[in-house]
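As a plain string of letters, each chain reads:
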Amino acid sequence: MEMTKGLLAHLDTRLSELRQQKERGTKIVGYTPTAYMPEELVYASGALPIALDRGGDIEPVLASTSYLGRVLDTFCRAQIGYRVMHQEPLYQIPDLVIVPVTDLHVRGLADSWDFFAGVEVFRLGVPHSKVGHAFQHYLAGLNLLKERLEKLTGLEITEKRLREEIALSNSLRGLLREISLMRKSENPPISGKEFIRLSHDSLHADRHVMIKALKSLRDELQVNKTIRPKGARILLTGSTLAWGDDKVVDLLETAGASIVVEEFCEGLRTYWEDVNADDDPMKALADSYLMKRVPCAFFRGSPEERFDFLLRLVKDFNVDGVVWYSLMYRETYGIESHIFHKVLEKTNMPMLIVNSEYSPAETGHLRTRIETFIQTIERG
Amino acid sequence: MDPEFLNLIGIEGEELNKEVPRLEKAFGILKIVPKDIDRAKERVSRIFSMELRGMRKIWGIAVKELVDLILAKEEGKKVAYGSYPPLSELLVAGSLASDDIYCSPAEAVIDMVLSPMFGPDKVVPILETAERHGLAPNLAACSFLKTRLGAIVNGIVPIPDLLLSFCFLCDQTPKTDEVLHDLYGIPVAYVDNIFEDNGYGWPEDISQERVEYFANEIRCCAEKFSQVMEHELTEEKVREAVALNANVFRAAADLREFMKADPVPLSQSDFMMISRAVYSATRRGSLEGIEALAILSEEVKKRINQGVGPVAKGAPRVLLTNAPMDPSPLVTVIEGLGLAIPATSLASAPIKGTPRAYDSIWEHIAYTLMRRRGAYHSSWGWILQLKELASVWNVDGLIIFVHLPCRQYELFPLKAKEVIEKEIGIPVVIIEGDFVDLRDYNAQQTRTRLETFAELVKRRK
Amino acid sequence: MRVAGIDVGAGTAKTVILEDEEIVSWKVMPVQGNVAQAAEQVTHEALEKAGISLEALDCIVSTGYGRDAIPFAHRAISEIICHAIGVHFLIPSARIIIDIGAQDSKVMRVNQDGKVIDFAMNDKCAAGTGRFLEVMAQVLGVSLEEMGSLSMTSKNLCSISSTCTVFAETEVISLRAEGKHIEDLIAGIHRAIAIRVVTMGSHMKFNHGTVFTGGVAKNVGVKNALEKTSGVEIIVPTEPQITGALGAALAAREACKKHSGSAMEDM
């Protein structure tokens, strides 16, 4: 796409740009993108947030066995691998790392960085339900985070600044939403892989550049009438779709499928809800990020709400099949995929469950399973 | 019913009339045949000190609790299953709530009898059933939870009226209960906690916010229990249960002290069985435990006077974090190598500082749990507590048994090893395995690791 | 004083016969299912070579996977301890020992007296052991013995990343089908083993004084890969496969000296 060339150029120099900013005194804050860390808070403090969302490579996973027990989610364990191997330069620049501690795998991630990474880790506690005291607790955690950020940069996070940042982030979310929803059409103007790429880019790029690029792209796509080859319309869902973990997406598109919508708790930017900051912006953040979000699989009693949401996506995007992609050992998603499979069976919607631990050796049999799945759908 | 077997599990006198028919019915449901009973007699006599009347009473408590569990619905009770590790104070209150309620951590009750008494193979069909219902195969998912799911699906234990999902330690528990909810429509009450502390300041830094959150979760769970079981679990009742729990703990104080003797008078196989039978928040454990402990105290005192124990006097002493429900693959091997095990992680250590006092019973429970067990607070809390235990028990070595599917305990044994070797200066060995699932157990490798470790420890002495 | 050390692993059985401090004979034989039989046979052959009878032995110590199944051994000692003793005898400057056998791999740290201070063993998996190499040799249609020299001709190492032997097999088959050269694949296989083993022992800090033993140590390609991965020079004793049995024999000597006079059967 023509419009994203500018974005690509920007991302090419992003690392050196960030390093320069750091030299000039700007604080860089890394965070695990589990969708529970309001980046608006980081921006409002004058720091720059960087998502630590790399995945898809086997070496950091192997390297991590020196630090963590082996029975742990692949993405979560790989993070310390990336850090100690110095394989991903972005991982070396944060002055502070925020980990929203969601389940025990992410807790393991936080611990491994605490013990071995040599950088300060701030843990943001994420409750596993939406009851009253859970909201209060999450809000209290956000206030602690606010204090820590203010101390880091020396800049007060005023309500005004926070509202401004929320508006900007809403802008970004809204644009992604608009573009994503275009895939409801019979002829989606953008592929799943391209959209996922945009989502990952939005976690690393300068927001202003990103918003400008998304606006241009949206305008272009609205008039773009190129007919793309029709393939099985797929909802891709699961635990984590990391930056660099392209295997399943590539295999699906090569097999002729069209990923029309995706729902992942980690690795991608969530964009379904905006933050309504009319009143107390801190409460608004807590409300949007915890209460309004679709609960992740590690929420207690998540199936009810999550499945409703997934079934709505299936209907709205006219999906032909669901591919559930979990990483190895992430049992909350593994078990939930089993229950969801039974739910879908009743509706005759085909579903494929695949696992990965980022090993290149999986490609062979993953390809066979995905191709068979897509071909079966297309044969109707 | 084989009278030798009944004698072995301490069922005698008046109890016989009441318990034998129930035992036979329950064993029928478990499909236990006479050859199983023979095997049970051989195993239990070999692994545990069954010449002690107290041990026979302990086994009686465990077996009778299992019978109570299996026949609960048949005997007209409302049934609630807590999960394992239990939130003891709450669960004990539930188990003592009324004669018409049966409440216990079902998987523990099943595994602590089936596995050691009839052999780990007895549990395999249950594990396999669970693996067909969404739980990952082999050691990727917890065998306790597989027991929880598989035993219900296989019809060995009744479908409960309520599931108490203690997920303040574990994410797999609530997911397993969601499978059960999906299969049978059973309501679920969750108790959650959040691991938002790095634990460097444990236990002083247990945050008030976290105590409150946890306390609220416990309170909500008690409310749900009251609602579904149609029996009010008031703060008063919970206070009584907490007090009773403390009594049982105090009754075992002598026994714990006795383990400091040289030679250690009891095998850790015995001691772990005692802890499991009496402290798993079961009704039998709470009500009959104190008597059994009293009998044991006397018998162990005699052993100390006679200078008797499973390992010779002067033997090196090691701390073992935990062991499978059938302790023989691990504990028997360790003691056979001439290493005495005076304590496990279940033992308490004097934790520095004065505990905070709370008016609210819920906050008291929440705080006490995070203070009593470092692991309930954070990974570093677990390591700090291990360090303290190793120091207080003055051991010559540490064996960290890792239950592989447990994201709680299996992540940082290497870090714990590093810290303890450096700061306490004793050798540490890591043994991987599972509490219940021994299908992939490599006895030979475990033996090699333990033998080498024993050599290191003995040399230090 | 004449003693024997028998190391019965999953793949091979080895016996070393010592007369005082000298090795008078040793023998290596494959184990074909029956460990007791293999132990008996290999000991018999070693004794024949030495010209001694079983009764002439003052003490026999067994080690290795099958050490408890040898009725004529007086004592069984863990192979980690025996390898440490054996290596210390041959190379007193050894401080880290890597042993890769047919079905397990170990890393041990020893002090200046050859006493084990710390150790690590592979988890249940076969990847990182001799079995891994065996499977790969079969897949590629080469003999185990050739693998070392073949890999040394590799110019473009082909990375193998599967952590599981079963998956690695599939990976190698498909890479071969893509036309990758055999020597490059073998180099990749060796590297995979090296990474696995070095990671396992990473908390022990490899340094000078690293010795490599076990059947797999005869493979110069694996040695090479270990050196590259660990960053230190590695010594392989002339007969790396018998260090365990040698250590057992030396342990037998020690035991004999301690109990000199009393019957060995009491052990």
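Residues numbered from 1 in each chain as written. Chains lettered and ligands numbered in written order. Predicted model: local features only at pLDDT ≥ 70, side-chain atom pairs only at ≥ 80, totals over all residues.

Here we take up the interface of chain A and chain B. Each partner contributes residues to the interface: chain A has 37 residues there, and chain B has 35 residues. Mapped by element, the contributors of at least two residues to the side of chain A that touches chain B are α6 (104-116), β4 (120-125), α7 (132-153) and α14 (331-346) of chain A. Split into classes, the residues belonging to the side of chain A that touches chain B amount to 16 nonpolar, 13 polar and eight charged. (Contact = placed C-beta atoms within 7 Å. Helix = DSSP H or I, 4+ residues; strand = E, 2+ residues; numbered from the N terminus. Nonpolar A, V, L, I, M, F, W, Y, C, P; charged D, E, K, R; others polar.)

All names here are of chain B. Running from N to C, helix α11 (residues 235-251) and helix α14 (residues 283-306) cross one another at 15 degrees; their axes reach a closest spacing of 9 Å. What the angle tells us is that α11 and α14 run roughly parallel. The two elements α11 and α14 cross, and the hand of that crossing is left-handed. Along the contact surface, α11 presents Leu-244, Asn-247, Val-248 and Ala-251, while α14 presents Ser-286, Gly-289, Ile-290, Leu-293 and Ala-294. Residues that form the contact of α11 with α14 fall into these classes: six nonpolar, three polar and no charged. (Axes fitted to C-alpha atoms, helices over the stretch in contact; angles between N-to-C directions. Parallel < 35°, antiparallel > 145°, perpendicular 65-115°, else oblique. Left-handed = near helix turned anticlockwise from the far one by under 90°.)

Here we come to the sheet that holds strand β4 (residues 59-63) of chain C. Residue and element names in this part refer to chain C. Across the sheet, which stays open at both edges, the five strands sit in the order β3-β2-β1-β4-β5 with mixed pairing between neighbours. Looking at which strands have only one partner, the edges of the open sheet turn out to be β3 (22-30) and β5 (75-76). Direction of pairing for strand β1 (residues 2-8) relative to β4: parallel, over a ladder of five bridges. Residue pairing across strands places Gly-5 opposite Val-61, the latter belonging to β4. Here helix α1 (residues 35-50) sits on the sheet and contacts β1, β2 (12-19) and β3; the angle it forms with β3, its principal contact strand, is near 140 degrees. (Pairing = 2+ DSSP bridges.)

Our next topic: the nonpolar core. Counting 359 residues, the largest nonpolar core has Ile-218 of chain B together with Ala-249 and Ala-252 of chain C as the members making the most contacts within it. At 11 residues, helix α6 (residues 182-200) of chain C tops the list of elements feeding residues into this core. Beyond its immediate sequence surroundings of up to four residues, Ala-249 of chain C is in contact with Val-3, Ala-4, Gly-5, Val-16, Leu-18 and Val-61 of chain C. (Core = buried A, V, L, I, M, F, W, Y, C linked by C-beta atoms within 7 Å. Buried ≥ 20, exposed ≤ 12 C-beta atoms within 10 Å, placed from the backbone.)

Residue and element names in this part refer to chain B. A cis amide bond, omega -5 degrees, links Trp-202 with the succeeding residue Pro-203. For the bond from Asp-262 to Pro-263, the omega torsion is 5 degrees, close enough to zero to count as cis. Notably, Ala-281 is not glycine yet its phi reads approximately 65 degrees, a positive angle. Summarising the element assignment, Ala-281 is placed in the loop between α13 (268-279) and α14.

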